[in-house]
Amino acid sequence: MNIEIIVGDITALDVDAIVNAANSTLLGGGGVDGAIHRAAGPRLLEACEALPELSPGMRCPTGEARITAGFDLGARYVIHTVGPIWLGGGSGEPEQLASCYRNSMTLAAEYDLASIAFPAISCGVYGYPPKRAARVALRSLLDSPQGGPSKVLVCCFGQDMGAIWREALSDAS
Ligand code: ADP
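In the annotation of an unreviewed UniProt entry, the protein is listed under the name O-acetyl-ADP-ribose deacetylase (Regulator of RNase III) and assigned to Dyella japonica.

Written out as structure tokens, the structure reads:
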């Protein structure tokens, strides 16, 4: 498996799946979630609405992942995962963040996808410190079982985030 850190807009990537840092309603929001819904078009929201609710309004618990088509995106699929809100690090945030990456990779393997791109899950409004998030995320990706996508991109929004993830990758591998 090859992990590469890139800087750019995840909605523009030509990969089998892009990962969305969603919230548990899966009905869209700000940040990368809003950008993905805008670029995928209204059918993405319809597909998300059609996913089963586990309790009223709740379609995906923190740390889990769901898959839909990519509709108007270049990507064939969107894998929606819900990152943890940073509460200081002692409330299971690292384990939940690792689960986001692991469960997204598992879904990608089930769908036989060769390439996947992740955003920096939880590093926006959810407030996860980027250096810590990068360390947890890359460890989870490097530990993911064989048979998943051979090409894994982490698409950072801005050069500063890219530099943090590049350094974490060189520390981890
Ligand atoms: P979360 O709620 O999980 O923190 P956000 O969308 O607020 O999700 O932020 C996650 C990361 O995605 C942040 O680093 C943010 O800068 C980044 N981001 C926002 N828009 C895009 C985009 N179009 N492509 C890639 N990354 C993006």
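Moving on from the model shown.
Quick rundown of the overall build of the protein? Include the residues and the values.
Looking only at helices and strands, the protein has 5 helices and 6 strands in total. Ordering the α and β elements of the protein from the N terminus gives β-β-α-α-β-β-α-β-α-β-α. Its C-alpha radius of gyration of 15 Å places the protein within 12% of the 16 Å reference for a compact globule of 173 residues. By its C-alpha atoms, the protein is 40 × 35 × 30 Å across when sized along the principal axes.

Could you give an account of the UniProt feature "domain: Macro" (unreviewed entry) in the protein, with specific residues and numbers?
UniProt's feature table lists "domain: Macro" (unreviewed entry) at residues 1–173, given in the numbering used throughout. In the segment residues 1–173, helix accounts for 36% and strand for 19%; the C-alpha atoms at its two ends are 12 Å apart.

So, the layout of surface pockets: which residues are in play, and what are the values?
As a volume, the largest pocket reaches approximately 540 Å³. In this structure, the largest pocket is lined by 25 residues; those nearest its centre are A21, G31, V32, D33 and G124. Broken down by secondary-structure element, the contributors of at least two residues to the lining of the largest pocket are β2 (17–22), α1 (31–40) and β6 (151–156). With 4 residues, the single largest contributor to the lining of the largest pocket is α1.

Hey, could you go over unusual backbone geometry for me, with residue numbers and the actual values?
The backbone of L26 shows a phi angle near 60°, a positive value even though the residue is not glycine. The phi dihedral of S122 falls on the positive side, at around 75°, and the residue is not glycine. Among the secondary structure elements, S122 is positioned in the loop between β5 (115–118) and α4 (130–142). Looking at S122, the relative accessible area reads 5%, which means it is buried.

A description of the site of the ligand should follow, citing residues and the corresponding values.
In the vicinity of the ligand there are 16 residues, among which D9, V32, S122, G124 and V125 approach most closely. A distance of 2.8 Å separates an oxygen atom of the ligand from a polar atom in the backbone of G124. Assessed atom by atom at 2 Å from the grid points, the ligand resides in the largest pocket. The residue inventory of the shell around the ligand, partitioned by class, reads 11 nonpolar, 4 polar and 1 charged.

Break down helix α3 (residues 93–110) for me, with residues and values.
Taking 1.5 Å of rise per residue, 18 residues should cover 26 Å, and α3 covers 26 Å from first to last C-alpha, within 8% of that figure. Residues of α3 that are buried: E93, L97, A98, S99, C100, Y101, S104, M105, L107 and A108. Following α3 by one or two positions, D112 has its phi on the positive side, about 60°.

I'd like a description of the sheet that holds β5, backed by residues and values.
Across the sheet, which stays open at both edges, the 6 strands sit in the order β1-β6-β5-β2-β4-β3 with mixed pairing between neighbours. Every interior strand has two partners, whereas the edge strands, β1 (2–7) and β3 (65–69), have only one. Between one strand axis and the next, the sheet turns by 25° as a mean value, whatever way the strands run. By the bridge criterion, 4 bridges tie β5 to β6 in an arrangement that is parallel. Bridge pairing links F118 to V154 in β6. Against the sheet, α1 contacts β2 and β4 (77–82), and its axis sits at roughly 130° relative to β2. Against the sheet, helix α2 (residues 42–49) contacts β3 and β4, and its axis sits at roughly 135° relative to β3.

Describe the packing of α1 against α2, and please don't skip the residues or the numbers.
What describes two packed helices is the angle between their axes and the distance between those same axes. Orientation of α1 relative to α2, taken along the N-to-C sense of each, is 115°, at an axis distance of 5 Å. The pairing of α1 with α2 is recorded here as roughly perpendicular in orientation. Between α1 and α2, the contacting residues are I36, H37 and A40 on the first element and P42, L44, L45 and C48 on the second. Taken together, the residues that form the contact of α1 with α2 break down as 6 nonpolar, 1 polar and no charged.

Conventions we followed
Residues numbered from 1 in each chain as written. Predicted model: local features only at pLDDT ≥ 70, side-chain atom pairs only at ≥ 80, totals over all residues. Heavy atoms only, no water. Helix = DSSP H or I, 4+ residues; strand = E, 2+ residues; numbered from the N terminus. Rg over C-alpha atoms; globule rule 2.2 N^0.38 Å. UniProt positions renumbered as here; feature names shortened; annotations may be inferred. 1 Å grid on protein atoms, 1.4 Å probe; cavity = no way out; pocket = protein on both sides within 12 Å on 5 of 7 lines; lining within 4 Å. Points joined across faces, edges and corners; volume = space filled by probe spheres on them. Buried < 20%, exposed > 50% of the residue type's maximum accessible area, 1.4 Å probe, protein only. Near = heavy atom within 4 Å. Polar contact = N/O pair within 3.5 Å; in protein donor to acceptor, adjacent residues only side chain to side chain. Sits in = over half its atoms within 2 Å of the grid points. Nonpolar A, V, L, I, M, F, W, Y, C, P; charged D, E, K, R; others polar. Expected span 1.5 Å × (residues − 1). Pairing = 2+ DSSP bridges. Axes fitted to C-alpha atoms, helices over the stretch in contact; angles between N-to-C directions. Contact = heavy atoms within 4.5 Å. Parallel < 35°, antiparallel > 145°, perpendicular 65-115°, else oblique.

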